Amino acid sequence: MPSSALPDRAARAALTAHFSPAQLTADLARFSATEVWEQRVHHDPSGRLARYRAEEELASAQLTCRFVIPSDPQWPTALTDLGRTCPPGLWARGHDQLPELASSPVAMTGNCNATAQAAAQARGFATVCAEAGHTVTATLAAGIESIAHRAAAHAGRPTLAVLPCGLDRAHPHTHDELLNAIPARGGAVISLYRPGTAPSGRTLNASAALVAALARAVTLAEALDHTTAIRTAEAAIALHRPLLAAPADGSLRSSGNARLLAEGRAVPCPDPSRLRRALALL
């Protein structure tokens, strides 16, 4: 390969900036990332890819965070289970902590507008996970997920956060302090998306699948059906991750829990002590 060829890391970052993992899997199975990028540039009639300065863009983005690729020791190997949607790389803050954090993650998900009972249950679940040595993993969403991060931090354990946007911002923006506190306390924050990327329905769905893939188990404290939390739960089921769901209270807010439990796709987890026993079996 000529010395002027684009380095693998820069090629992967460029590919992820323009294509979804599913659009790249077949080509990356046959060719290097550099070759795939060159092919895409050559066959782009718009000239948009040819104008993209991959190395300069990577260097600029890495002023904010690190672009981690599968050949790096920090790469979470559990992501292989995503198959054709496994990303060619991840953006990370606190990337050096990823190997330890990704050794035993437990994901927490649920409603953004959580009831007081569900919020208390999420705190109990996160505390049990932290005390058992597991890494609480969640987005920074309002409600259950940010509550879980804070409870684990209160228990003295670092957490792993997944963002549906670039790591130069929090989502929601009111959680900037939490975004910065996680790596400062020994945790990590990762994203499929380069700095400058805004959240959208597409990025929320992809990030939900990433949370599930990283986790050894997923807990569902309380979730309205057909929400991002339920997409995380269903991704966990598809990836054969244990799904532990708090019993539904009969209200609409826990309709997702009710459906998954009724279908036998989730294991009832009524309290932190039950979760503690379940975690001991992981």
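Above this text sits the structure in question.
Everything numeric in this text was worked out from a predicted model, so none of it was measured. (Residues numbered from 1 in each chain as written. Predicted model: local features only at pLDDT ≥ 70, side-chain atom pairs only at ≥ 80, totals over all residues. Heavy atoms only, no water.)

S.K.: An account of the packing of aromatic side chains is requested, with residue identities and associated values reported.
M.R.: Counted by the stated rule, this structure contains two aromatic pairs. On the basis of an interplanar angle of 50° and a centroid distance of 4.7 Å, the ring pair of Phe67 and Trp91 is categorised as tilted. Taken together, the residues Phe67 in strand 1 (residues 66-68) and Trp91 in strand 2 (residues 90-93) connect sequence positions 24 residues apart. Of the two residues examined, Phe67 and Trp91, each falls in the buried class. (Phe/Tyr/Trp six-rings, centres within 6.5 Å; stacked < 30°, edge-to-face > 60°. Helix = DSSP H or I, 4+ residues; strand = E, 2+ residues; numbered from the N terminus. Buried < 20%, exposed > 50% of the residue type's maximum accessible area, 1.4 Å probe, protein only.)

S.K.: Describe the nonpolar core, and please don't skip the residues or the numbers.
M.R.: With 34 residues, the main nonpolar core has Leu79, Ile190, Leu210 and Leu220 as its most contacted residues. Secondary structure elements with two or more residues in this core: strand 2, helix 6 (98-101), strand 5 (160-163), strand 6 (188-191), helix 10 (201-214), strand 7 (217-220), helix 11 (228-238) and strand 8 (243-245). With near-sequence residues (within four places) excluded, Leu210 lies in contact with Leu79, Leu82, Leu90, Val162, Ile190 and Leu192. Judged by nonpolar contacts, the second largest core, of 30 residues, contains Phe67, Trp91, Leu140 and Leu163. (Core = buried A, V, L, I, M, F, W, Y, C linked by side-chain atoms within 4.5 Å. Contact = heavy atoms within 4.5 Å.)

S.K.: Explain the pairing of strand 2 to me, using residue names and the numbers behind them.
M.R.: Here strand 2 shows two buried faces, one formed by Leu90 and Ala92 and the other by Trp91 and Arg93. With three bridges joining them, strand 2 and strand 6 adopt antiparallel strand pairing. Bridge pairing links Arg93 to Val189 in strand 6. (Pairing = 2+ DSSP bridges.)

S.K.: So what's going on with unusual backbone geometry? Residues and values would help.
M.R.: Residue Pro172 is bonded to the preceding His171 through a cis peptide linkage, with omega at 5°. Along the polypeptide, Pro172 turns up in the loop between strand 5 and helix 9 (176-184). Although it is not a glycine, His226 sits at a positive phi angle of roughly 60°. Tracing the sequence through the fold places His226 in the loop between strand 7 and helix 11. Given the relative accessible area of 65%, His226 is considered exposed. The backbone of His240 sits at a positive phi, close to 65°, despite the residue not being glycine.

S.K.: Explain the state of the cysteines to me, using residue names and the numbers behind them.
M.R.: Within this structure, the stated rule accounts for zero disulfides. Cysteine Cys65 is unpaired, with the sulfur of Cys165 as its nearest cysteine sulfur at 11 Å. With no disulfide of its own, Cys269 has Cys129 as its nearest cysteine by sulfur position, at a separation of 8.8 Å. Classification of Cys269 by relative accessible area gives buried; the value is 0%. (Disulfide = S-S within 2.5 Å.)

S.K.: Can you tell me about the environment of Pro272, naming the residues and giving the values?
M.R.: Of note, Pro272 is situated in helix 13 (residues 272-280). Each C-alpha atom, one on Pro272 and one on Ala122, is 8.9 Å from the other, the two residues being 150 residues apart in sequence. The contact partners of Pro272, leaving out residues within four places of it in the chain, are Gly124, Phe125 and Val128.

S.K.: Talk me through the pattern of salt bridges; I want residue IDs and the actual numbers.
M.R.: Per the stated rule, a full pass over the model turns up eleven salt bridges. The residue Asp72 makes a salt bridge to Arg9 at a minimum N-O spacing of 2.7 Å. Taken together, the positions of Asp72 in the loop between strand 1 and strand 2 and Arg9 in helix 1 (residues 8-18) put the pair 63 residues apart, joining distant regions of the chain. For the pair Asp72 and Arg9, a shared accessibility class is recorded, and that class is buried. For Asp225, the salt bridge goes to Arg259, with nearest N and O atoms at 2.7 Å. One end of the pair, Asp225, is in the loop between strand 7 and helix 11; the other, Arg259, is in helix 12 (residues 255-262), and 34 residues separate them in sequence. (Salt bridge = Lys/Arg side-chain N within 4 Å of Asp/Glu carboxyl O.)

S.K.: Before we move on, could you go through the side chain of Arg9 and cite the residues and values that matter?
M.R.: Overall, Arg9 belongs to the buried group, its relative accessible area being 18%. A distance of 2.7 Å separates the side chain of Arg9 from the side chain of Asp72, its partner in a polar contact. (Polar contact = N/O pair within 3.5 Å; in protein donor to acceptor, adjacent residues only side chain to side chain.)

S.K.: Pulling in residues and values, what's your account of the sheet that holds strand 7?
M.R.: The mixed open sheet is built from nine strands, whose spatial order is 1-2-6-5-4-3-7-8-9. At either margin of the open sheet sits one strand with a lone partner, and together these are strand 1 and strand 9 (267-268).

S.K.: Provide a residue-level description of the side chain of Ser254, including the pertinent values.
M.R.: By secondary structure assignment, the location of Ser254 is in the loop between strand 8 and helix 12. Once you skip the residues sitting within four places of it in the chain, Ser254 turns out to touch Glu222, Ala223, Ala248 and Asp249.

S.K.: Report on the packing of helix 11 against helix 12, specifying residues and quantitative values.
M.R.: One can describe the packing of helix 11 onto helix 12 by two numbers: an axis separation of 10 Å at closest approach and a directional angle of 20°. On the basis of the axis angle, helix 11 is roughly parallel to helix 12. Considering how the two elements wind past one another, helix 11 and helix 12 form a crossing that is right-handed. Where helix 11 approaches helix 12, its residues Ile230, Ala233, Glu234 and Ile237 are matched on the opposing element by Gly256, Asn257, Arg259 and Leu260. Along the lines of polarity and charge, the residues of the contact of helix 11 with helix 12 split into four nonpolar, two polar and two charged. (Axes fitted to C-alpha atoms, helices over the stretch in contact; angles between N-to-C directions. Parallel < 35°, antiparallel > 145°, perpendicular 65-115°, else oblique. Left-handed = near helix turned anticlockwise from the far one by under 90°. Nonpolar A, V, L, I, M, F, W, Y, C, P; charged D, E, K, R; others polar.)

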